[in-house]
Amino acid sequence: NSGCLKFNPKYVPDNSYIPPVYLTSIKVNGTEYGSNCDISRLKEIKLDYEDRNLVISFAALNFRHSDNNAYKYILEQHNKSWISIGKSREINFANLSYGEYLLKIMGSNNDGLWNNKPAVLKIIIQPPIWANNYYRALAILITLTILYWIFNGKLKNLRREKELQKNFSRQLMESQEDERRRLS
């Protein structure tokens, strides 16, 4: 069974499959996050202020020439526009400020057909203790207490000095009266 095969690349159909994008891994400060859960279904992560270095991996589920899949992302509240990262399947975020972010990742198939329904992950980074409202209120209260003590101490000193001056004036006047009486 030998034969001849005729092939014309013009008639190879484009890939019309729109691949969904799924998260595959999240590392926080180099440590795997959520080892006991399905990362691909994760919608939100809450992190402490110290845990603000992230590496997020993902994949577009297109297996036809998957090495040609392309990706772009936006981290809302951080980026103003989508960032194209080509074929890379990993995003690094270092020293994110505290706050809430919405990470959206879109992928395309090997023929450049983009999925307009991105994978979405809400990232919440808790504020450090010094940015916490309770801490700020405590700091203000302590500052006001210290200022009160300083002001009250100065006020007591002024009253004491005024009393001393009053006593000195009274004694001076009495001694002058005594002297006048003695001379008369």
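S.K.: Looking at this model, I keep getting lost on the overall build of the protein chain. Mind explaining?
M.R.: A tally of regular secondary structure across the protein chain gives one helix and nine strands. Secondary structure elements of the protein chain, listed N to C terminal, follow the sequence β-β-β-β-β-β-β-β-β-α. Counting all 184 residues of the protein chain, 25% fall into the buried class. A fraction of 65% describes how many contacts in the protein chain between residues 6 or more apart in sequence connect residues 24 or more apart. Of the roughly 13800 Å² that the protein chain leaves accessible, carbon and sulfur atoms contribute 54%. Both charge centroids of the protein chain, one from 26 positive and one from 18 negative side chains, sit 4 Å from each other.

S.K.: Can you walk me through a nonpolar patch on the surface in this structure?
M.R.: Together, Leu138, Ile140, Leu141, Ile142, Leu144, Ile146, Leu147, Tyr148, Trp149 and Ile150 line one region of the surface with nonpolar side chains, adding up to about 1100 Å² of accessible area. With respect to the element layout, Leu147 can be found in helix H1 (residues 133-183). A relative accessible area of 47% means that Leu147 is categorised as partly exposed.

S.K.: Even after reading the chapter, I still don't get the sheet that holds strand S6 (residues 83-86), so can you show me in this structure?
M.R.: To summarise the sheet geometry, strands pair through backbone hydrogen bonds and adopt either a parallel or an antiparallel arrangement. The five strands lie next to each other as S3-S9-S8-S5-S6, forming an open sheet whose pairing is mixed. Edge positions in the open sheet fall to strand S3 (44-47) and S6, since each of these has one partner strand only. The sheet shows a mean angle of 20 degrees between the axes of neighbouring strands, direction not considered. When S3 meets strand S9 (residues 119-125), the two strands line up parallel, connected through four bridges. By the bridge assignment, Glu44 is partnered in S9 with Lys122.

S.K.: What should I look at first to understand the side chain of Asn69 in this one?
M.R.: Relative to the assigned elements, Asn69 resides in the loop between strand S4 (54-60) and strand S5 (70-76). The class of Asn69 is buried, set by a relative accessible area of 2%. Polar contacts involving the side chain of Asn69 include one to the main-chain carbonyl oxygen of Ala60, which spans 3.4 Å. Of the polar contacts made by the side chain of Asn69, one reaches the backbone nitrogen of Asn110; its length is 3.5 Å. Once you skip the residues sitting within four places of it in the chain, Asn69 turns out to touch Ala60, Asn62, Gly86, Lys87, Ser108, Asn109 and Asn110.

S.K.: Help me out: how do you make sense of the sheet that holds strand S2 (residues 31-32) in this one?
M.R.: Taking strand neighbours across the sheet as the criterion, the four strands line up as S2-S1-S4-S7 in an open arrangement whose pairing is antiparallel. Unpaired on one side and paired on the other, S2 and strand S7 (90-93) mark the two borders of the sheet. As defined by bridge partners, strand S1 (residues 21-28) adjoins S2 across two bridges and the pair is classed as antiparallel. For Val28, the partnering residue across the bridge sits in S2 and is Thr31.

S.K.: Could you clarify how one ought to interpret the nonpolar core in this entry?
M.R.: Considering soluble globular proteins, one finds that nonpolar side chains tend to be buried as a cluster. Membership of the largest hydrophobic core comes to 25 residues, with the highest contact counts inside it found for Ile26, Ile56, Phe93, Leu103, Ile105, Leu121 and Ile123. Mapped onto this core, the elements with two or more residues apiece are S1, S3, S4, S5, S7, strand S8 (99-108) and S9. In this view, Leu121 contacts Leu23, Ile26, Leu42, Lys43, Glu44, Ile45, Ile56, Tyr101, Leu102 and Leu103; residues no more than four positions away in its chain are not counted.

S.K.: What am I meant to see in the pairing of S7 here?
M.R.: Put simply, side chains in a regular strand alternate between the two faces of the sheet. On S7, burial follows the alternation: Ile91 and Phe93 on one face are buried, whereas Glu90 and Asn92 on the facing-out side are not. Note: S4 against S7, four bridges, orientation antiparallel. The partner of Ile56 across the bridge, within S7, is Ile91.

Criteria and thresholds
Residues numbered from 1 in each chain as written. Predicted model: local features only at pLDDT ≥ 70, side-chain atom pairs only at ≥ 80, totals over all residues. Heavy atoms only, no water. Helix = DSSP H or I, 4+ residues; strand = E, 2+ residues; numbered from the N terminus. Buried < 20%, exposed > 50% of the residue type's maximum accessible area, 1.4 Å probe, protein only. Contact = heavy atoms within 4.5 Å. Areas by Shrake-Rupley, 256 points an atom, 1.4 Å probe, with all protein chains shown as cover. Lys, Arg positive; Asp, Glu negative; His and termini not counted. Charge placed at Lys NZ, Arg CZ, Asp CG, Glu CD. Patch = residues over 30% accessible without salt bridge, like charges linked within 9 Å, V, L, I, M, F, W, Y side chains within 5 Å. Salt bridge = Lys/Arg side-chain N within 4 Å of Asp/Glu carboxyl O. Pairing = 2+ DSSP bridges. Axes fitted to C-alpha atoms, helices over the stretch in contact; angles between N-to-C directions. Polar contact = N/O pair within 3.5 Å; in protein donor to acceptor, adjacent residues only side chain to side chain. Core = buried A, V, L, I, M, F, W, Y, C linked by side-chain atoms within 4.5 Å.

Treat this as a map of the structure, not an account of what it does.
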